[in-house]
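# Notes for the structure review
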Amino acid sequence: MTKLLVVFDVDSTLIKDEVIELLADVAGKRAEVAAITDRAMAGELDFAESLIQRVGALAGLPEAVFQQVGKRIQITPGAKELIDAVHNRGGRVGAVSGGFTQVLNPLADILNLDFARANDLEVVDGKLTGRVVGKIVDRTAKREALLEWAQRADFKIEQTVAIGDGANDLEMMDAAALSVAFNAKPIVKEKANLVLESGNLADLIPILGL
């Protein structure tokens, strides 16, 4: 019986969108934010520094923007099928994101995730301040999440799978027994154990023996 802990990156992996770009779209700053995102995911910019820059562009947006953007999110084809297949074999599923809890938490409920972790955008008087509260979920924090969840769910490292697309997923992917580059940037494809470019996460079901 294949019993796995599968940990997903969120933006452009578990979902088709980059949430921060959807938020920036509402603020009229999508192009500016997308350019920074691209450089960060390609490994050209420090992720935490790039996140601070991008979040700053969101200052002043109303809190209702989370619901508005939530409705626009497209879950990646095959995601639900893969998650269900993992659960059917007694496995666990987590998602760790450089994005935001305000968007990930509702998604975690929809997809029946066992674990979820992301950044928390500061909201004061019903508006985004343009700041992140607490520790930023960067590449090291993603790795720590995978290891922590494996320990909590009593899984050996040999039972872990990490799926991601950007440079900030590399430490998490390196820590897992199997790393999957999904529609990924060149730097990630180079280092992953497996490259999947079909755009459908359900294609991993037979590969993972589920």
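A few points on the structure. In this text, all values refer to a predicted model and were calculated from it rather than measured experimentally.

Helix and strand counts for the protein chain stand at 10 helices and seven strands. The 210 residues of the protein chain split such that 51% are buried. Counting only contacts in the protein chain whose residues sit at least 6 apart along the sequence, the fraction spanning at least 24 positions is 62%. Within the structure as shown, the protein chain displays about 9,300 Å² of accessible surface, and the carbon and sulfur contribution to it stands at 46%. Here the protein chain contributes 23 positive and 31 negative side-chain charges, whose respective centroids are spaced 2 Å apart.

In this fold, Thr13 is placed in the loop between strand 1 (5-8) and helix 1 (19-27). Those residues in contact with Thr13, other than ones at most four positions away along the chain, are Phe8, Thr76, Ile163, Gly164, Asp165, Phe182 and Leu201.

Strand pairs in the sheet, formed through backbone hydrogen bonds, run parallel or antiparallel to each other. Spatially, the seven strands line up as an open sheet ordered 4-3-2-1-5-6-7, and their pairing is mixed. Taken across any chain shown, the strands that pair with only one partner, and hence form the sheet edges, are strand 4 (127-133) and strand 7 (194-196). Neighbouring strand axes in the sheet, compared pairwise and without regard to direction, differ in orientation by 25 degrees on average. Strands in contact with helix 3 (residues 47-56) are strand 2 (92-100), strand 3 (115-124) and strand 4; relative to strand 4, the strand with the most contacts, it is inclined by about 170 degrees. Docked against the sheet, helix 5 (residues 79-88) engages strand 1, strand 2 and strand 5 (160-164), running at close to 140 degrees with respect to strand 2.

A few words now on the pattern of salt bridges. A complete count under the given rule lists 13 salt bridges for this structure. Linking Asp9 and Lys142 is a salt bridge whose minimum nitrogen-to-oxygen distance equals 2.8 Å. With Asp9 in the loop between strand 1 and helix 1 and Lys142 in helix 7 (residues 139-152), this pair connects stretches of sequence that are 133 residues apart. Using a relative accessible area of 5% as the deciding quantity, one classes Asp9 as buried. Residue Lys142 is classed as buried on the basis of its relative accessible area of 0%. We note a salt bridge from Arg30 to Glu21, for which the minimum N-O separation is 3.7 Å. On the accessibility criterion, Arg30 (31% relative accessible area) is partly exposed. Residue classification places Glu21 among the buried positions, given a relative accessible area of 10%. Here the salt bridges do not stand alone but share partners, grouping Glu21, Asp25, Arg30 and Arg72 into one network.

So, about the packing of helix 1 against helix 2 (residues 30-41). Between helix 1 and helix 2, whose axes approach to 8 Å, the crossing angle comes to 160 degrees. When the axes of helix 1 and helix 2 are compared, the pair comes out roughly antiparallel. Crossing handedness for the pair helix 1 and helix 2: right-handed. Listed contacts from helix 2 to Ile20, Glu21, Leu22, Ala24 and Asp25 of helix 1 are Arg30, Val33, Ala34 and Thr37. Each residue belonging to the contact of helix 1 with helix 2 can be placed in one class, and the counts come to five nonpolar, one polar and three charged.

Our focus in this paragraph is helix 3. When helix 3 is considered as a whole, its buried residues turn out to be Phe47, Ala48, Ser50, Leu51, Arg54 and Val55. Seen end-on, helix 3 carries its buried residues on one side only, within an arc spanning 160 degrees. With a side-chain oxygen lying 3.3 Å from the backbone nitrogen of Ala48, the N-terminal cap of helix 3 falls on Asp46.

Once that is clear, we can look at the nonpolar core. Counting residues in each nonpolar core, the largest one holds 55 residues, and the members touching the most others are Phe8, Leu23, Leu82 and Ile163. When sequence neighbours within four positions are dropped, the list of residues in contact with Ile163 reads Val6, Val7, Phe8, Asp9, Thr13, Leu82, Met172, Val180, Phe182, Leu201 and Leu204. Among the nonpolar cores identified, the runner-up in size contains 22 residues, and Val96, Phe115, Ala162 and Ala175 belong to it.

What follows concerns the packing of helix 2 against helix 3. Packing of helix 2 against helix 3 brings their axes to within 10 Å, and their N-to-C directions diverge by 170 degrees. Classed by the angle they form, the pair helix 2 and helix 3 counts as roughly antiparallel. Of the residues in helix 3, those in contact with Val33, Ile36, Thr37, Ala40 and Met41 of helix 2 are Phe47, Ser50, Gln53 and Arg54. Class assignment for the residues of the contact of helix 2 with helix 3 results in five nonpolar, three polar and one charged.

Calculation criteria
- Residues numbered from 1 in each chain as written.
- Predicted model: local features only at pLDDT ≥ 70, side-chain atom pairs only at ≥ 80, totals over all residues.
- Heavy atoms only, no water.
- Helix = DSSP H or I, 4+ residues; strand = E, 2+ residues; numbered from the N terminus.
- Buried < 20%, exposed > 50% of the residue type's maximum accessible area, 1.4 Å probe, protein only.
- Contact = heavy atoms within 4.5 Å.
- Areas by Shrake-Rupley, 256 points an atom, 1.4 Å probe, with all protein chains shown as cover.
- Lys, Arg positive; Asp, Glu negative; His and termini not counted.
- Charge placed at Lys NZ, Arg CZ, Asp CG, Glu CD.
- Pairing = 2+ DSSP bridges.
- Axes fitted to C-alpha atoms, helices over the stretch in contact; angles between N-to-C directions.
- Salt bridge = Lys/Arg side-chain N within 4 Å of Asp/Glu carboxyl O.
- Parallel < 35°, antiparallel > 145°, perpendicular 65-115°, else oblique.
- Left-handed = near helix turned anticlockwise from the far one by under 90°.
- Nonpolar A, V, L, I, M, F, W, Y, C, P; charged D, E, K, R; others polar.
- Arc of directions from axis to C-beta.
- Polar contact = N/O pair within 3.5 Å; in protein donor to acceptor, adjacent residues only side chain to side chain.
- Core = buried A, V, L, I, M, F, W, Y, C linked by side-chain atoms within 4.5 Å.

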